[in-house]
Amino acid sequence: MTSLVACAPASLALSLQVAGVVLLLFLVCGIALGYLLSQPIPLRGLLDAIISLPLVFPPIAIGFFLLMAFGRHGAIGGWLHQTLDWELVFSFQALVLASFVAGLPLVAKPIQSAIEGSARDLIEAAYTLGKGRMETLILVVIPVVRRSIVAGLTLGVGRSFGEVGITLMLGGNIIGSTETLSLAIYNRVLDGDFDCAAKLSMLLGLVSLGLFFLLRRLGRL
Amino acid sequence: MTSLVACAPASLALSLQVAGVVLLLFLVCGIALGYLLSQPIPLRGLLDAIISLPLVFPPIAIGFFLLMAFGRHGAIGGWLHQTLDWELVFSFQALVLASFVAGLPLVAKPIQSAIEGSARDLIEAAYTLGKGRMETLILVVIPVVRRSIVAGLTLGVGRSFGEVGITLMLGGNIIGSTETLSLAIYNRVLDGDFDCAAKLSMLLGLVSLGLFFLLRRLGRL
Amino acid sequence: MPDLQATLSFARKDFALDLDIGIPADGITALLGPSGCGKSTLLRLLAGLETPHQGHIRHGDRIWLDRAMDINLAPRHRRVGFMFQDYALFPHLSVARNIAFGLRRGVDKAACVRFWLDRLSLRPLAERKPSALSGGQRQRVALARALAAEPQVLLLDEPFSAVDFSLRQELRLMFQEAVADAGIPVVLVTHDLEDVRQVADRVGVMIDGQLRRLGPAEDVFARPGDAEVARVLGWPNTLAVQAWERDTARGAWGQVAASLDPLMRPPEVIAIHPDGPTPTSGQGLPVEVTRVTDMGGYHALLCRLADRSPLRIHLPKSSPVPRPGSSARLAIPRECVIPLRERSTAPNLTYPNPRHA
Amino acid sequence: MPDLQATLSFARKDFALDLDIGIPADGITALLGPSGCGKSTLLRLLAGLETPHQGHIRHGDRIWLDRAMDINLAPRHRRVGFMFQDYALFPHLSVARNIAFGLRRGVDKAACVRFWLDRLSLRPLAERKPSALSGGQRQRVALARALAAEPQVLLLDEPFSAVDFSLRQELRLMFQEAVADAGIPVVLVTHDLEDVRQVADRVGVMIDGQLRRLGPAEDVFARPGDAEVARVLGWPNTLAVQAWERDTARGAWGQVAASLDPLMRPPEVIAIHPDGPTPTSGQGLPVEVTRVTDMGGYHALLCRLADRSPLRIHLPKSSPVPRPGSSARLAIPRECVIPLRERSTAPNLTYPNPRHA
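Residues numbered from 1 in each chain as written. Chains lettered and ligands numbered in written order. Predicted model: local features only at pLDDT ≥ 70, side-chain atom pairs only at ≥ 80, totals over all residues. Heavy atoms only, no water.

S.K.: Help me understand the overall build of chain A in this model?
M.R.: Within chain A one finds 11 helices and zero strands. Order of helices (α) and strands (β) in chain A, N terminus to C terminus: α-α-α-α-α-α-α-α-α-α-α. When the backbone C-alpha atoms are referred to their principal axes, chain A occupies close to 65 × 45 × 25 Å. Split into buried and exposed, the 221 residues of chain A put 57% on the buried side. (Helix = DSSP H or I, 4+ residues; strand = E, 2+ residues; numbered from the N terminus. Buried < 20%, exposed > 50% of the residue type's maximum accessible area, 1.4 Å probe, protein only.)

Written as structure tokens, this is what we have:
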């Protein structure tokens, strides 16, 4: 019997760090995008399509395209390397990017449809009562759709624990550096260490079950 | 430049076969479960929870638990091995099971909410007009929510092309046998064959884009 | 002609329904009540779309529901024609196919559909989908669909509320003629007094899940029984009485002379009939006139009493009309003042089924 | 007191709106029309919640919208009080906070909220959330919230439709008193004639996205202008005329004597006022009486004419009433027969703004 920490020395902390950073990103971008998508803005259809794409697009393919773009010879990666001498691929930031891309539609879309479903009249009422867009967002939209915001964040963070496809490609599954909890389970099974794999699966399962019941209480599953 | 088939000799056919079998399964189980979940049946909450779980539960962990259950020493796998001399793990059926588990909530849940949203009155109307449950399903429910059924099936099949986590664990990523398109891309990148990986990613991307635009036309994304 | 008898108890969250109702097979019974009183739930219970916690429903000699004996006929075996508030037409079927949907086996489908298309003037719309129909047309299709299935009971939930005002009169007439010779119990739930006045032979009033009054329409309108029911029936002026002195009722609003039934417990409320009071230069109830409306055959005066509570009276065109904004005194004839309890506690205000009376 | 003037063109899918309207700052203007006529869209255009394709809106001397000059004031700068049909109260805020939401800067918040709580009898509900209020209470909160923001124009979309019938009279009075001294243009959209009769000083009738009639309430009710408008205003009897012979109008329904204006194009429709006709034993229009209803002050007769089209007449309580189901003949006095065109084509039926007249 090996202890949990001995099974995957860095993975638990790494997954928690990724989840934490992604949660902050979702808190800002998810709410902002959900609000934007519910409003009649120009190019809304395109923005919506880009955000929604990962719901259907295979993660491995997304990961590959991101790898090509952010790799040292890619369009964005090359520029980053030359100007900032910074390489995103196979780093902590790559893991965050993977989780962010995979989870963003799960955060923004429920917020969008909650606003469209129950806050449209209220937004208009706030406008007629003299409030601007920003005041309306803070005073009306966020408090009214708070349950959907929590649900969206839960789904998004849950996805970050489970994400494999993009993470494999962009993170590289480097033990001790970009080995997340999910990948650690896979690696332990490959090593034949089923005892560790079971422990890590239980841990991940418990976290997910917690998120799952939170979502059901919010009425969003 | 290598041809697509040379890149992954069996993967394209394998992914299409998995998608086809899973589509048939979804057509029966997805609609039946969507209808059941929309009706006031006993244990509905539990059934709903089991079907919805993969939306939050990490695929690698699901894969691990299924591997334990269906492996030669697992509860179900051991029985299958002893009575039928059949081993599911690392087989074609394992790939189907992986896609089915991952995609089922994406099929059943939209059908359920479409029925709850727009067919509830119609179902009751059919009952008062002398029809039973089965007649009502065929004469009223399926025609009325057909757009949601197509959308659900599209999402489910799309997921089968992109599934990695459960497939890795349960299928084993055996080249020539359980190497799906998504896994083939991963394997080519590991081999450093970026040319092949790009071609396969483009292929997978085109299929997914097709499904994606179908879904947007159905108004479901 | 089998009647419908039901005794039902039903509870859900903050709502409870508890009543006993008998509906004969001739004429139309209208159920009125404030929103949330349980009118629609009652219809759903009768149709079998909800199951009561306790209860008994009998149609003629046949038992549809008996919780004690564990009998609960499925909706499709009750043969109830149910018209939903939004009509619930099948959107993927044409008008003709909607009407044909519930036809019994052995019926000549084409002939039956043709009959109902003609009966409700729907012939030119036979091949349209419901989405291409107006509100009034949908209403007629829903009625034709319900009646074509030869129901044993017809239940209608707000049948005219989704229809434009100017069409309602014609639709009410069509409805009346279509069900006139059906010879089945017909129950119509509505919140529109005009519906009730125009089509109902019997009126039931539901408040808080209870049937507080049921009887022939004229009788219910003339003698509502208590003040809550009177308000539901559109009686405009119900004033709380704080004290009785001999035959005079007093409140913050003023005082009027009234005839008291010595056997009755002192009434808590008086209702003032709008048709009797007239402005007077002598003694009378002081009011402030807020608005005068020409209603065609008469003038409607809206007034405020001393405590600002409203009073509505109707003056014949021949009488002089006070100016809006002016003060006036009203002579209130004693026979226009009806003393009422706020809420009747009599055990059974249900009007007995005429067949058993 | 600045008035509101608007000229608007707006189109969306199968709906187009095209009109010219002037609303003075005194009294209440009610807009009536069948569902889908564009009443609510007009309110949204005035508030700036929708943008017209062409148009001009002026409030007093200030231009709110001018598409030609690319001026389009945002809703929050128009200072329009808008009452939504479902009230759109903020569910997470108490009644008091809802009312305080739109208060201008520099206003004594607590005092202003207290004033409006008292004015609309909401004081005991100040700390409740909207979900704990009844329909009528929500309506009052929505009105208080709109008025507390000191709007320059007040727009109300079906303000009484979500309220139980028996409360509407009192709410209408409260509404009238609350806006009486505001001195701003008030526009109320409704489909309820009773709303209009009780609160409106001016009436506008919209049909198919056009303002077909606008004027003082009595004037519009008495002279609707054409048959479509008359039906919206609740005139019950409009009959299509197939032929005129001297002063007699004929149709499949029968014939009646009518006075023709020789300058007018031959009218396509006659309207029969329900208050004049009486049963006669001599010559008259043959009808079948379908229903007789006691309306309190009079009897309402619903009849079918020769072609089964309905006719409604009101008889004083003193006259004898024919039995339902019987045939009768009606004497129709010439002054009760109003010839109308089905649809007026006069270029401008808009009532001129009193300030410019």
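S.K.: What is the right way to read the pairing of strand β11 (residues 210-216) of chain D from this model?
M.R.: For a regular strand, side chains alternate in direction, first toward one face of the sheet and then toward the other. Residue and element names in this part refer to chain D. The element β11 is extensively covered by neighbouring structure, given that five of its seven residues are classed as buried. Taken together, the six bridges between strand β10 (residues 202-207) and β11 define a ladder with antiparallel strand orientation. From the neighbouring strand, M206 faces β11, where its bridge partner is L211. Once β10 ends, the chain turns through two residues before running back antiparallel as β11, passing D208 with a positive phi of about 50 degrees. (Pairing = 2+ DSSP bridges.)

S.K.: In this structure, what is going on with the packing of helix α8 (residues 146-162) of chain A against helix α11 (residues 194-217) of chain A? I would like to understand it.
M.R.: The axes of two packed helices give the description: the angle between them and the distance between them. Residue and element names in this part refer to chain A. In contact at an axis separation of 10 Å, α8 and α11 are set at 160 degrees when each is read in the N-to-C sense. Between α8 and α11, the angle is such that the two are roughly antiparallel. Note that α8 runs across α11; the crossing there is left-handed. Counted together, R147, A151, T154, L155, G158 and F161 of α8 and L204, V207, L211, L214, L215 and R217 of α11 form the full contact between these two elements. (Axes fitted to C-alpha atoms, helices over the stretch in contact; angles between N-to-C directions. Parallel < 35°, antiparallel > 145°, perpendicular 65-115°, else oblique. Left-handed = near helix turned anticlockwise from the far one by under 90°. Contact = heavy atoms within 4.5 Å.)

S.K.: Explanation requested: the pairing of strand β3 (residues 28-32) of chain C in the structure shown.
M.R.: Residue and element names in this part refer to chain C. Buried residues dominate β3, accounting for five of its five residues. The sheet contact formed by β3 and strand β9 (residues 186-189) spans four bridges and is parallel. Each residue of the ladder has a partner; that of T29, found in β9, is V187. Relative to strand β10 (residues 202-207), β3 is paired through four bridges, and the arrangement is parallel. Pairing of L31 across the sheet is with G204, part of β10.

S.K.: Before we go on, may I ask you to explain the state of the cysteines in this structure?
M.R.: Linking two cysteines covalently through their sulfur atoms gives a disulfide. All chains considered together, the criterion is met by two disulfides over all chains. Linked covalently through their sulfurs, C7 of chain A and C196 of chain A form a disulfide whose S-S length is 1.9 Å. Residues C7 of chain A and C196 of chain A share a disulfide whose torsion about the S-S bond is about -90 degrees; that sign makes it left-handed. Residue C7 of chain A is located in helix α1 (residues 4-7), and its partner C196 of chain A is located in helix α11; the two are separated by 189 residues in the primary sequence. Free of any disulfide, C303 of chain D has its nearest neighbouring cysteine sulfur in C336 of chain D, separated by 14 Å. Judged by relative accessible area, which is 9%, C336 of chain D ranks as buried. (Disulfide = S-S within 2.5 Å.)

S.K.: Explain the interface of chain B and chain C here, please?
M.R.: Much of the literature gives interface size as the accessible area that the parts lose upon coming together. The partner chain C presents 17 residues to the 16 residues of chain B that form the contact. Carbon and sulfur atoms supply 67% of the area buried between chain B and chain C, which totals about 1600 Å² over both sides. Of all residues in chain B, the largest losses of buried area upon contact with chain C belong to E124, T128 and L129 of chain B, amounting jointly to 40% of the total for that side. Applying the counting criterion to the chain B and chain C interface returns one salt bridge. (Buried area = accessible area lost by both parts, 1.4 Å probe. Salt bridge = Lys/Arg side-chain N within 4 Å of Asp/Glu carboxyl O.)

S.K.: I would appreciate a short explanation of the interface of chain A and chain B in the present structure.
M.R.: Of the residues lining the interface, 45 residues belong to chain A; the matching set on chain B comes to 45 residues. Across the chain A to chain B interface the summed buried area is about 3500 Å²; carbon plus sulfur atoms make up 81%. Counting across the interface, chain A meets chain B through zero salt bridges. At the junction of chain A and chain B, the tally comes to zero residue pairs in polar contact (both at pLDDT 80 or more). Elements supplying a minimum of two residues to the side of chain A that touches chain B: α3 (44-52), α4 (59-70), α8, α9 (165-171), α10 (181-190) and α11 of chain A. Considering only residue class, the side of chain A that touches chain B consists of 31 nonpolar, 10 polar and four charged. (Polar contact = N/O pair within 3.5 Å; in protein donor to acceptor, adjacent residues only side chain to side chain. Nonpolar A, V, L, I, M, F, W, Y, C, P; charged D, E, K, R; others polar.)

S.K.: I would appreciate a short explanation of the UniProt feature "transmembrane region" (unreviewed entry) in chain A in the present structure.
M.R.: Look at the UniProt record and you will see "transmembrane region" (unreviewed entry) annotated at residues 12-37, 49-70, 90-108, 164-185 and 197-215 of chain A. This span, residues 12-37 of chain A, is 100% helix and 0% strand, and a straight line between its end C-alpha atoms measures 35 Å. (UniProt positions renumbered as here; feature names shortened; annotations may be inferred.)

S.K.: Would you explain the pattern of salt bridges in this entry?
M.R.: Should the charged atoms of two oppositely charged side chains come close, the side chains can pair. For the structure shown, the criterion picks out 60 salt bridges over all chains. With a closest N to O distance of 2.8 Å, E179 of chain B and R188 of chain B form a salt bridge. Each of the two residues, E179 of chain B as well as R188 of chain B, counts as buried. D219 of chain D serves as the salt-bridge partner of R213 of chain D, at 3.3 Å between the closest nitrogen and oxygen. The exposure classification of R213 of chain D matches that of D219 of chain D, with both residues buried. Look at the salt bridges and you will find they share partners, linking E170 and E177 of chain C together with E288, R304 and R308 of chain D into a network.

S.K.: How should the environment of A217 of chain D be read in this particular structure?
M.R.: All names here are of chain D. For A217, the position within the fold is in helix α8 (residues 217-222). The exposure class assigned to A217 is buried, which follows from its relative accessible area of 10%. The spacing of A217 and T29 is 188 residues in sequence and 8.7 Å in space, taken between C-alpha atoms.

S.K.: How should the domain arrangement of chain C be read in this particular structure?
M.R.: Here the domain parsing of chain C yields domain 1 (4-233 + 346-356) and domain 2 (238-340). Here the C-alpha centre of domain 2 of chain C lies 38 Å away from the C-alpha centre of domain 1 of chain C. (Domains from an automatic or database assignment.)

S.K.: Would you mind going over the side chain of S201 of chain B with me for this structure?
M.R.: If you trace the backbone, S201 of chain B turns up in helix α11 (residues 194-217). For S201 of chain B, a relative accessible area of 0% gives the class buried. The contact partners of S201 of chain B, leaving out residues within four places of it in the chain, are A61, F64 and F65 of chain A together with I185 of chain B.

S.K.: Explain the side chain of Q137 of chain D to me, please; I cannot follow it from the model alone.
M.R.: All names here are of chain D. Summarising the element assignment, Q137 is placed in helix α5 (residues 135-148). Take Q137: its relative accessible area is 19%, and that puts it in the buried class. The residues touching Q137, leaving out its near neighbours within four places in the chain, are L122, L125, R128 and A132.

S.K.: Hey, could you run me through the environment of S134 of chain C in this one?
M.R.: All names here are of chain C. Positionally, S134 belongs in the loop between α4 (109-119) and α5 (135-148). On the basis of relative accessible area, S134 is assigned to the partly exposed category, the value being 36%. Once the C-alpha coordinates of S134 and D164 are considered, the two residues, 30 residues apart in sequence, prove to be 9.6 Å apart.

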